[in-house]
Amino acid sequence: MIKVKRIRHATFATADIAQQIEYYQAIIGVGLVERQAGRALFASESGELTLVLEQDTASSCKAMAFEIAPNVELGDVGKQLGDLGIKSELRSDSVPGIPRALVFSDVDGRQIELFTQWQFTPPSEQVRGIVVSKLGHMALYAPDPDRTAKFYADVLGFRDSDRIEENFVFMRCGFEHHAINFARGTDARLHHMAFELRDASHMQQACDLLGRRKIPLLWGPVRHGPGHNIATYHRDPDGYLIELFYDMDRMADEELGYFEPRPWHRDRPQRPKTWIGLPRDIWGVGPSPDAAEFSPKMRGGK
C-alpha cells in the first residue's frame, strides 16, 4: 500500500485565467510564485505550492497532488501501481519545487500526482486578501462513492473518517479529519475545494472581505457534524464552490481510534461513523437555494 501523508496542491484549467488569478490573489490570498505562458502558480504565505492555474477552453479540476514519505522511491511506487494494473508516468520538474512526480489516474479518471522531495516556493510578491493557511481538502463527485473510497483506501492508504448515509465519504491521510471526500454524483467533477483559516477572528476578517467584494455566502458560518469544522461557502469566478474553515477534528492517535475530545462532540468519544438523519450540524443556518450541491441527501450539515 502507498501511504499518502498530505494533500499539497491542485491544478485547475480555466477559460479566463486573468479573472481567476485576480480572485486567488486578491480574495483567497495565495501569492504568485511564477507566471508562465498560459499558466500561473501560487503558494501559501508559508511558501508551500498550493494552486496551479492553466489556460484552457473550459474550466475543470485537472489534478490533485499528494506528498508521500520522503524515503520512498517513486520508481518502486510505479511498480506497485503496475502490479495493480494501474499505468503511471514519472515526470520531472513539472512545477517549481518538486523535481519528480509520479502521475496516474484514479478509478474515476482523475489525475493524481505523488511526490516525495520538495522545496519551499515563496511567493514573489506580498500576499494579500484573506491569506489562507493552506489547501485543506478537496471534495469530488463520484458515481459510486464506495468504489472510489475503496480505491483510495486500498491503493493510497486513506482511512474512513465519517460517512453521510450512502451519499458522502470523508477520508483522512493524516491526523486531520479529512483531506478528501466523495459525494454521490453522475461524474467526477469537483464538489468543492476548502482552504484552512487560523481561527474565529480570521473567519470574521474573511467574511468581511467577501462582504466588501459583494461575494455572497451560500452557507455558513456553520459548525458541521462530520468533522465539526466551522465553515462558510461561496463561489469563485468560475462557479466552483469554495469552503473556508477552521477548527476541524483531529485523530492524534490512530491506535486509539477516536478524534480528540471536544465539548461539542455528539458522541463521547467521537469515532468514525455513518451519520444518518437530520439535522447534522451542531449549529448554523442551512445552505441557500443557490448552493444546489448541498441537497438534503448530500449535505455535510443540515
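Residues numbered from 1 in each chain as written. Predicted model: local features only at pLDDT ≥ 70, side-chain atom pairs only at ≥ 80, totals over all residues. Heavy atoms only, no water.

Colleague: Any chance you could explain the sheet that holds strand S2 (residues 31–36) here in plain terms?
Modeller: Neighbouring strands of a sheet are bound in pairs by backbone hydrogen bonds; such pairs are parallel or else antiparallel. Spatially, the 8 strands line up as an open sheet ordered S2-S3-S4-S1-S5-S8-S7-S6, and their pairing is mixed. The outermost strands of the open sheet, each flanked by one partner alone, are S2 and strand S6 (88–95). Direction aside, neighbouring strands of the sheet carry axes that sit 25° apart on average. The sheet contact formed by S2 and strand S3 (residues 39–43) spans 5 bridges and is antiparallel. Its bridge partner lying in S3, Arg35 is registered against Ala40. Contacts between helix H1 (residues 17–28) and the sheet are confined to strand S1 (4–14), S2, S3 and strand S4 (49–55), with S4 contributing the most and set at about 160° to the helix. Lying over the sheet, helix H3 (residues 145–156) contacts S1, strand S5 (60–68), strand S7 (98–105) and strand S8 (111–115), oriented at roughly 135° with respect to S7. (Pairing = 2+ DSSP bridges. Helix = DSSP H or I, 4+ residues; strand = E, 2+ residues; numbered from the N terminus. Axes fitted to C-alpha atoms, helices over the stretch in contact; angles between N-to-C directions. Contact = heavy atoms within 4.5 Å.)

Colleague: I would appreciate a short explanation of the side chain of Arg172 in the present structure.
Modeller: Within the secondary structure, Arg172 sits in strand S11 (residues 168–172). Among the polar contacts made by the side chain of Arg172, one reaches the main-chain carbonyl oxygen of Asp160 at a distance of 2.7 Å. Of the polar contacts made by the side chain of Arg172, one reaches the side chain of Ser161; its length is 3.0 Å. Apart from residues lying up to four places away in sequence, Arg172 is in contact with Phe158, Arg159, Asp160, Ser161, His177, His178, Ala179, Met251, Glu254 and Pro272. (Polar contact = N/O pair within 3.5 Å; in protein donor to acceptor, adjacent residues only side chain to side chain.)

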